[in-house]
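Each chain, letter by letter, is given below.
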Amino acid sequence: MARLFEAFLPSVSVDVSNALHICKAVRLWGLCFRQCTAHKVLLVVLMVLCNGFSSNVARSSVEARPKVVNIGALLSFDSSIGKVAKLAIEAAVEDVNKNQAVLGTTKLQLTMRDANYNGYMSMLEALSLVRSEVVAMIGPQFSVTAHVMSHIANALQVPLLSFAATDPTLSSLQYPFFVRTTQSDIFQMAAIADIVDYYGWRAVIAIYVDDDHGRNGITALGDKLAERRCKISYKAPFSPNVNQPDEISDVLFKVALMESRIIVLHAYPDNGLQVLKQAQHLGMMKAGYVWIVTDWLSAKIDTYCPLATEAMDDIQGVIALRMHAPDTHEKRKFVSGRSNLTARKAAGGTFGLNTYGLYAYDTVWLLAYAIDAFLNQKGKLSFSYDPGLSELQRKNLHADALRIFDGGNLLLQTISQINFTGLTGSIVFSDENLIHPAYEVINVIGTGFRRIGYWSNYTGLSVEHPEKLYTKPPSNSSSSQQLYSVIWPGQTIAKPRGWVFASNGRRLRIGVPNRIFYHEFVSVEGTNVFRGYCIDVFTAALNLLSYDVPYDFVAFGDGHSNPNTTELLQLISVGEFDAAVGDISITTDRVRMVDFTQPYMESGLVVVAPVRKLNSSAWAFLRPFTPVMWLVTAVFFLVTGVVVWILEHRINGDFRGPPRRQIVTILWFSFSTLFFAHKEKTLAPLVAWC
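Below is a summary of the structure that appears in this document. (Residues numbered from 1 in each chain as written. Predicted model: local features only at pLDDT ≥ 70, side-chain atom pairs only at ≥ 80, totals over all residues. Heavy atoms only, no water.)

This part covers the sheet that holds strand 23 (residues 551-556). Taken in spatial order, the three strands line up as 23-20-24 in an open sheet, and their pairing is parallel. Bordering the open sheet on either side are strand 23 and strand 24 (579-580), each of which pairs with just one other strand. Bridging between strand 20 (residues 508-513) and strand 23 involves six bridges; their strand directions are parallel. Its bridge partner lying in strand 23, V512 is registered against A555. Contacts between helix 19 (residues 533-543) and the sheet are confined to strand 20 and strand 23, with strand 23 contributing the most and set at about 165° to the helix. (Pairing = 2+ DSSP bridges. Helix = DSSP H or I, 4+ residues; strand = E, 2+ residues; numbered from the N terminus. Contact = heavy atoms within 4.5 Å. Axes fitted to C-alpha atoms, helices over the stretch in contact; angles between N-to-C directions.)

Here is the structure:
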C-alpha cells in the first residue's frame, strides 16, 4: 500500500488538471481503508491533499482572467472638450468596475495623461502610455495628434479609440489601429452642403484652422458641395496657434472683400469664438451675412452654458451643428446624475456635459465589452519585445520599454464587432464609421439657441427626430428637405441673398459692336458715350434689379467698317468680354458659343426698299418703267402689228385699203391688245395661235 501511495502521489503532483478525478480516487481508497484503523492517518493525509488540489484548480480558473487590465487616455485637461471627457471617462471606468456583468472580477485600471494643447507633449505622453503596457488608448482629442499616434499604434498593435478626432482621412487604410468612436467630419460637411443647397446658395467661403483637422475637413466640404453643384469660392486659413486679434483680422479683411456672404467656420472651440468676436468688430455679423459653424460651437455652449453676455452678442444669428444623441431614459439619468459631479470636480467654475463627453463615456464601455469578448476568446494580455528596436537601443533612445501587444489584432477585430446601445445611441461600426450619423441644426438667438431641424445621412434635412425617420423608407429628394425658420445675423428673418459684388472685384466688360450703319440700334459717340435702342433695353433691365451691377461698355470695332459679330461672341467665350449688347442676330453657330436672351425685337419675313418722297402728277403711271423700258415696249408693239399685217393683208379684208388706213390698223391693233380684244378678225393660222 505504501508503494501504491508513492506511485499515486507523483501522478497527482504532475497532473493538476485531473484533480477532481484524484479526489474521487482518494474517496475510493478511503472506503477501502475504513475498516483499517492503522490506515486512518493515511486517509486523513490524502483528504488534505485532495482539498489542496481542489482549491488550486479553483484558483487557476479564476486566474485565467486577469484581475487588472491597463488602459490609457490622452487628453487636454483644460480644453472645453478635454475637461468634460476626463470626467466622463473616469465615471465610465468607475461604472464598468462596479458592474460585474461586464468584466466579472476583472477591473479596468486607467492611466491618463495631459497633452496640454501641445503636439510635442502629446507625443511624449503617448510614448509614456505605451510603456505602461496598456492594451488600448482612448484619445487623442485632436486630429493632428491622432495622425502621429496612429503610427505608434500601428507599430505596437495597440488599438487607438478616439471620441473627438473627426478628421475624415484617419479612416483610411493607412491607420488600421485607429478606431473612431464619434462621427466623422465627412458627415458633418455633408450636412453643411445640404444646408447650403437647401437655401439655394451656390458659393461659400471657408475659414478654417490650418492643420490636418481644418484642411481635411474643408476638403471634404468641397467634395460634398461639388456633388450638389456648389463650390468653395475662397479659402481663408488661419494659424492654429493664433493668439493676436490682428492675425484674425487680416484673414477677415480678405474675406470681406469677396463676393460670397456665406461663411463656413471650421475651428476649435477655444479659437473659434475669437474669429466670431473679430467678425462682430469688423461689421461682418450684420444683415446679409450667413455664418455656418461646425459642432465646436455647440460643444462650447453646452460646456459653459450660458456663455458670457458679450460672447453671446458676438454669435447672434449663427447656424451651428451638434452631434445628435437620442433623448433616452439612460441619457437623462446619466446627465442628471453627473451634473453634481461636474460641479464638484470642476476647477475654476462649473461646466456641463457636451456631446463629446457622452461619446467618451460610450468609448469606455465599448472597450470594456471588447476586452470581455477578447478574454472569452482566450486572448493573450502579453507583450513582446520588437527586435527591430535593437538599433534604437544601441543609440541610447531607451526603446527597450516599447513592447508589442501580442493580442492587438484580436482585440481590434473584437472592437469592430461590438454591438450595444450607449448614451449616444447604437454603437455599431459600418465601413469604419458609426452607423446612423445625425446632427442637430441649431440657431443661436438671445441667451441660448433653438433647434431648427435635424440632418441624417438617411433622409437629409428634416424637422422630425432621426429615430422616427429610421422607421420610414429613406428619402433624400429636394422636396422632402425641411427646416424651421431662421433668425439671421442682423435680427432679420428674410433669407439673405448670399452674395454681393466684391469691393475689389473687376467691373463687367460689356462689348458693343461699333457699326457704320443702323445707329438707331447702337451708336458709339466718342469713347464713353453709347446710345441706341439696344442700350436702352439693357439699362432698363438693370434698373429692375434690387442691387447695383458695376459695368463698362467697350466698343468693338473701329467705326469705319462693320466688325465681325461672330468674333465678338468668341471673345465672350474666352473671357475677354462678360457680355455683349447690340443688334446681334441669333444663329445656330452662335448659340453654341454663348447664351442669348429672349429676342426683344423680331423682324419676320419682309422686303426692304428705299422710301422716296415724290410729287404725284397725272404722269405718275409712267414712273414704274424707265424711258428705255417704255421705248422697248413701244417697239415690240410696232413689231407685233407689222408681223400681223404681213400675215393678214393678203387674205383679210380688214387689213386692206389705202396705205393710211393700213398704218392706222397696224397701230390700233397693237395698242388695243393692251386693254381689250381687238375688233379685227385674224384669219391666218399663225396669228390665231399667237
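There's more to say after this.
Moving on: the packing of helix 22 (residues 627-648) against helix 23 (residues 659-672). It is at 8 Å that the axes of helix 22 and helix 23 come closest, and there the two elements cross at 125°. Taken together, the axes of helix 22 and helix 23 are oblique relative to one another. Helix 23 is crossed by helix 22, and the crossing has right-handed handedness. From helix 22, F637, L638, T640, G641, V642, V644 and W645 reach across to helix 23, where they touch Q662, I666, L667, F669 and S670. Its residues placed into classes, the contact of helix 22 with helix 23 shows eight nonpolar, four polar and no charged. (Parallel < 35°, antiparallel > 145°, perpendicular 65-115°, else oblique. Left-handed = near helix turned anticlockwise from the far one by under 90°. Nonpolar A, V, L, I, M, F, W, Y, C, P; charged D, E, K, R; others polar.)

Locating N514 in the fold gives a position in the loop between strand 20 and strand 21 (523-525). Accessibility expressed as a relative area gives 12% for N514, which makes it buried. Along the backbone, N514 and H560 are 46 residues apart, and their C-alpha atoms lie at a distance of 8.6 Å. (Buried < 20%, exposed > 50% of the residue type's maximum accessible area, 1.4 Å probe, protein only.)

The two faces of the sheet receive side chains in turn, since in a regular strand these alternate between them. The element strand 17 (residues 438-445) is largely enclosed, with a buried count of seven among its eight residues. In terms of strand pairing, strand 10 (residues 319-323) meets strand 17 through five bridges, oriented antiparallel. Pairing of R322 across the sheet is with E440, part of strand 17. In this sheet, strand 18 (residues 448-456) lies alongside strand 17 in antiparallel orientation, the contact comprising eight bridges. Across the sheet, the residue bridging to V444 is F449, located in strand 18. Taking the residues between adjacent antiparallel strands as the criterion, strand 17 and strand 18 are bridged by two residues, where G446 takes a positive phi near 60°.

On to the sheet that holds strand 5 (residues 178-180). Read from one edge to the other, the open sheet built from five strands follows the order 2-1-3-4-5, with strand pairing classed as parallel. Edge positions in the sheet fall to strand 2 (107-114) and strand 5, since each has one partner strand and no second. Across eight bridges, strand 1 (residues 68-75) lies against strand 2 in parallel orientation. Considered in strand 2, the bridge of G72 is made with T111. Packed on one face of the sheet, helix 4 (residues 80-98) meets strand 1, strand 2 and strand 3 (137-138) and runs near 165° to strand 2.

The next point concerns the side chain of R322. Among the structural elements, R322 can be located in strand 10. A polar atom in the side chain of R322 sits 3.0 Å from the side chain of D302. Sequence-distant contacts of R322, that is, excluding residues within four places in its chain, are made with D295, S298, D302, T355, Y439, E440, F449 and R451. (Polar contact = N/O pair within 3.5 Å; in protein donor to acceptor, adjacent residues only side chain to side chain.)

On to helix 8 (residues 185-198). Along its 14 residues, helix 8 runs 20 Å from first to last C-alpha, staying within 8% of the 20 Å computed at 1.5 Å per residue. The element helix 8 is extensively covered by neighbouring structure, given that 11 of its 14 residues are classed as buried. Within the span of helix 8, buried status applies to D185, F187, Q188, M189, A190, A191, I192, A193, D194, I195 and V196. At the exit of helix 8 stands G200, carrying a positive phi of roughly 80°. (Expected span 1.5 Å × (residues − 1).)

Here the focus is the nonpolar core. I89, L108, V135, F163, I292 and I371 are the most contacted members of the largest nonpolar core, which has 105 residues in total. When residues no more than four places from it in sequence are discounted, the contact partners of I371 are V69, I71, L103, L108, V135 and L411. Membership of the second largest hydrophobic core comes to 34 residues, among which are I205, V209, I263 and L276. (Core = buried A, V, L, I, M, F, W, Y, C linked by side-chain atoms within 4.5 Å.)

This brings us to the packing of aromatic side chains. Ring pairs (aromatic) are described by centroid distance and by the angle formed between their planes. Tallied over the entire structure, the rule returns 20 aromatic pairs. With a centroid separation of 4.9 Å and an interplanar angle of 80°, the aromatic rings of Y198 and Y199 are classed as edge-to-face. The class of Y199 is buried, set by a relative accessible area of 10%. Seen from their ring centres, Y369 and F420 are 5.1 Å apart, and the 45° between their planes marks the pair as tilted. Here F420 lies in strand 13 (residues 420-422) and Y369 lies in helix 15 (residues 355-376), a separation of 51 residues in the sequence. Take Y369: its relative accessible area is 31%, and that puts it in the partly exposed class. With a relative accessible area of 11%, F420 lands in the buried category. Cluster of aromatic residues (ring-pair linked, three or more members): F334, Y361, W365, Y369 and F420. Geometry around F77 places K86 over its ring, the cationic atom sitting 5.4 Å from the centre. It is R497 that lies over the ring of W499; its NZ or CZ is 4.8 Å from the centre. (Phe/Tyr/Trp six-rings, centres within 6.5 Å; stacked < 30°, edge-to-face > 60°. Lys NZ or Arg CZ within 6 Å of the ring centre and 35° of its normal.)

G139 connects to P140 through a cis peptide bond whose omega is 0°. Turning to its location among the elements, P140 is positioned in the loop between strand 3 and helix 7 (143-156). At Q491, a position not held by glycine, the phi torsion is positive, near 55°.

It is worth stressing that arrangement in space is one thing and function is another; only the former is reported here.
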